[in-house]
Amino acid sequence: MNCGAMPLLLSCQSLTKSFGARPLFEDISLSISDGDRLGLIGPNGSGKSTLLRILAGMETPDTGSTAVRKLAKLGYVPQEVVFPAETSVLKIMQEAAPSEDSAARIPTVLGQAGFENGDAMAAALSGGWKRRLAIARELVRDPDVLLLDEPTNHLDLEGILWLEKLLKAAPFASVVVSHDRYFLENVATEMAELAKLYPGGLFRVKGGYNIFLERKDEFLNAQAREQQSLANQVRRELEWLRRGPKARTTKSKARIDNAGRLIEELAEVSARQQTGAAQIDFTASGRRTKNLLEARDVTKRLGGRTLFDGLNLILRPGMRIGLVGANGSGKTTLLRVLNGEIAADSGSVERADALRVVYFDQNREQLDPAVTLRKALAPDGDSVIYRDQPVHVAGWAKRFLFRAEQLETAVGRLSGGEQARVLIARLIVQPADLLLLDEPTNDLDIPTLEVLEESLLDFSGALVLVTHDRFLLDRVSTSVMGLNGEGGAEMFADYSQWEQAQTARKKPKPAVKAVGSQSAPAPAPAKRLSYLDSREWESMEERILRAEETLEQAKAAVQAAASDAARLPECYAQMLEAQEQVDRLYARWAELEAKLQ
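Here's what I pulled together on the structure shown here. Because the structure is predicted, anything quoted here is derived from the model rather than measured.

Points about helix H6 (residues 157-169)
- Taking 1.5 Å of rise per residue, 13 residues should cover 18 Å, and H6 covers 19 Å from first to last C-alpha, within 8% of that figure.
- Taken residue by residue, H6 has Leu157, Gly159, Ile160, Trp162, Leu163, Glu164, Leu166 and Leu167 as its buried positions.

Spelled out as structure tokens, the structure:
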């Protein structure tokens, strides 16, 4: 149904789509008009991405139809962005431009997206910059409607603010699938939730996310009253039927038919009300040690660049620290230093005796994509031990919203949100004094995020959290530590205070000139890296860490093969190659550092 009087751009009628034998959605109708900015939410597995692909014309529904206004152009940014190897940013944009006029706009569009030039290879970009490029590629096509699937994934906070500003000022309509609640509140003019909870499978509201929550609450209360009223009517009709009325009269026959209709109606309303949420509950060890971890004057450098210098941090039970900073500022490195995975260059990290740490890796490297869901959840048998009690793997899977038939599915075939739930399911069985969570919210739906928030608020140990989800930061963190990427680390009361400090930092200070004094010579302009160098600079920290890990693994392989004359030469050659890669990366880091001097 069209909302408002603006011209209709895109619509779908009575869409039905199944995944195998499981229906994703049924009888969905939706319309987009000029000026609409629709935020689309729903539980994992409800079919949001599939619906977006159907609207984009990239997938066909089982039944139903879509319609696009004549000459209207659609743009689509998928959840997973992949670019061909050995293709530059500029080439990607040139291939996307539909006309000479569009091609002439490429430098402007790249500049809006934060690119200084187009020389870099697209496939080598970080996740956040790939996302920016994917959006820029659609912008140069001058769309009338832009469809975006989880566009804030992999973007840092600065990137999210850029996207908010872009969409709010855009001349085109947009449909955004997202779990970022602040983003939805700031961008969306309308909200829609795709879920079996609603008659017709879709609930649409004019306004941002907060207004949507109010209307949803009103709807759920009304539906609960309807369910109660139907239950009372069904109870009365069942009592009448039990008395054995004779169905000879027309009136009796009608009442019997009406009782059947009421029972079916109640069953339908009750079925819609059956919604699930993952049961996430991190197990705190309960220890009351005053200091769980203390970092003193910790310094870490990579390739001559100082990530943090003289950092001090004390973690006690009940403390929940949000860790913020731009990409490459050292957030992940600090978590790994605290976890003991890598050593600080100077300073010390003292941990309480037998400290139990649970670490969530944003790259999900703890998951083997080849193993089945059953094996990933219960690697040692058919059950897991949770709070000293055995839980069968089928019940444990159900707790995290997995169906029994998914147990033999390979982890690599699960969606991003499902993989995140697998990792959380594996982590919460471990009693913990300290949680170190690196971007745990990527791909999670909003109901799961809300459960995760409650679990973190209830966790009695200490927490250090890296996330781009500002709502989660504000709700969970008791304080925020900001890394400036230049060695500095500072504590703030909350995310808003850190954001204000960042804004103040960026404002140029006015020059103060004494009366009668001569003008001082203008300072030399600050040196800046080229686009290619700056992108390389941003990714260097993570590349060096991974190269050093590979080197350590190669060294261990050499030691293991010491008595195997056949394997030893190959292992030794791999170790030398890994060492050369580390040396090359450090040398390149030094070159980039020198360009900024």
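Following the structure, the description resumes.
What to know about the sheet that holds strand S9 (residues 202-206)
- Read from one edge of the open sheet, six strands run S5-S6-S7-S3-S8-S9, paired in mixed fashion. The open sheet terminates on both sides in strands that have one partner only, identified here as strand S5 (74-77) and S9. Strand after strand, the sheet turns through a mean of 15° between neighbouring axes, direction not considered.
- Here S5 pairs with strand S6 (residues 145-149) via four bridges, running parallel. Residue pairing in the sheet places Tyr76 in a bridge with Leu147 of S6.

Brief notes about the pattern of salt bridges
- Per the counting criterion, the structure on display carries 29 salt bridges.
- With its nearest N and O atoms 3.5 Å apart, the salt bridge here joins Asp36 to Arg204. You can see Asp36 sitting in the loop between strand S2 (22-33) and strand S3 (37-41) and its partner Arg204 sitting in strand S9, a full 168 residues away along the chain.
- A relative accessible area of 8% places Asp36 in the buried class.
- Salt bridges sharing common partners tie together Arg181, Glu453, Glu454, Asp469 and Arg475.

Some remarks on the sheet that holds strand S18 (residues 462-466)
- The mixed open sheet is built from six strands, whose spatial order is S14-S17-S18-S12-S19-S20. Edge strands, defined here as strands with exactly one partner in the open sheet, are strand S14 (357-360) and strand S20 (489-492). Looking at each pair of strands side by side, their axes are set apart by 15° on average, direction ignored.
- Two elements, strand S19 (residues 479-483) and S20, share four bridges in a ladder whose sense is antiparallel. Pairing of Leu483 across the sheet is with Ala489, part of S20.

Points about unusual backbone geometry
- Of note in the backbone geometry, Glu86 takes a positive phi value of approximately 60° without being a glycine.
- Mapping Glu86 onto the fold places it in the loop between S5 and helix H2 (89-96).
- One non-glycine residue, Ala354, adopts positive backbone phi at about 55°.
- Structurally, Ala354 is set in the loop between strand S13 (346-351) and S14.
- Here Ala354 falls in the exposed class, since its relative accessible area comes to 66%.

Each value, and the rule that gives it
- Residues numbered from 1 in each chain as written.
- Predicted model: local features only at pLDDT ≥ 70, side-chain atom pairs only at ≥ 80, totals over all residues.
- Heavy atoms only, no water.
- Helix = DSSP H or I, 4+ residues; strand = E, 2+ residues; numbered from the N terminus.
- Expected span 1.5 Å × (residues − 1).
- Buried < 20%, exposed > 50% of the residue type's maximum accessible area, 1.4 Å probe, protein only.
- Pairing = 2+ DSSP bridges.
- Axes fitted to C-alpha atoms, helices over the stretch in contact; angles between N-to-C directions.
- Salt bridge = Lys/Arg side-chain N within 4 Å of Asp/Glu carboxyl O.

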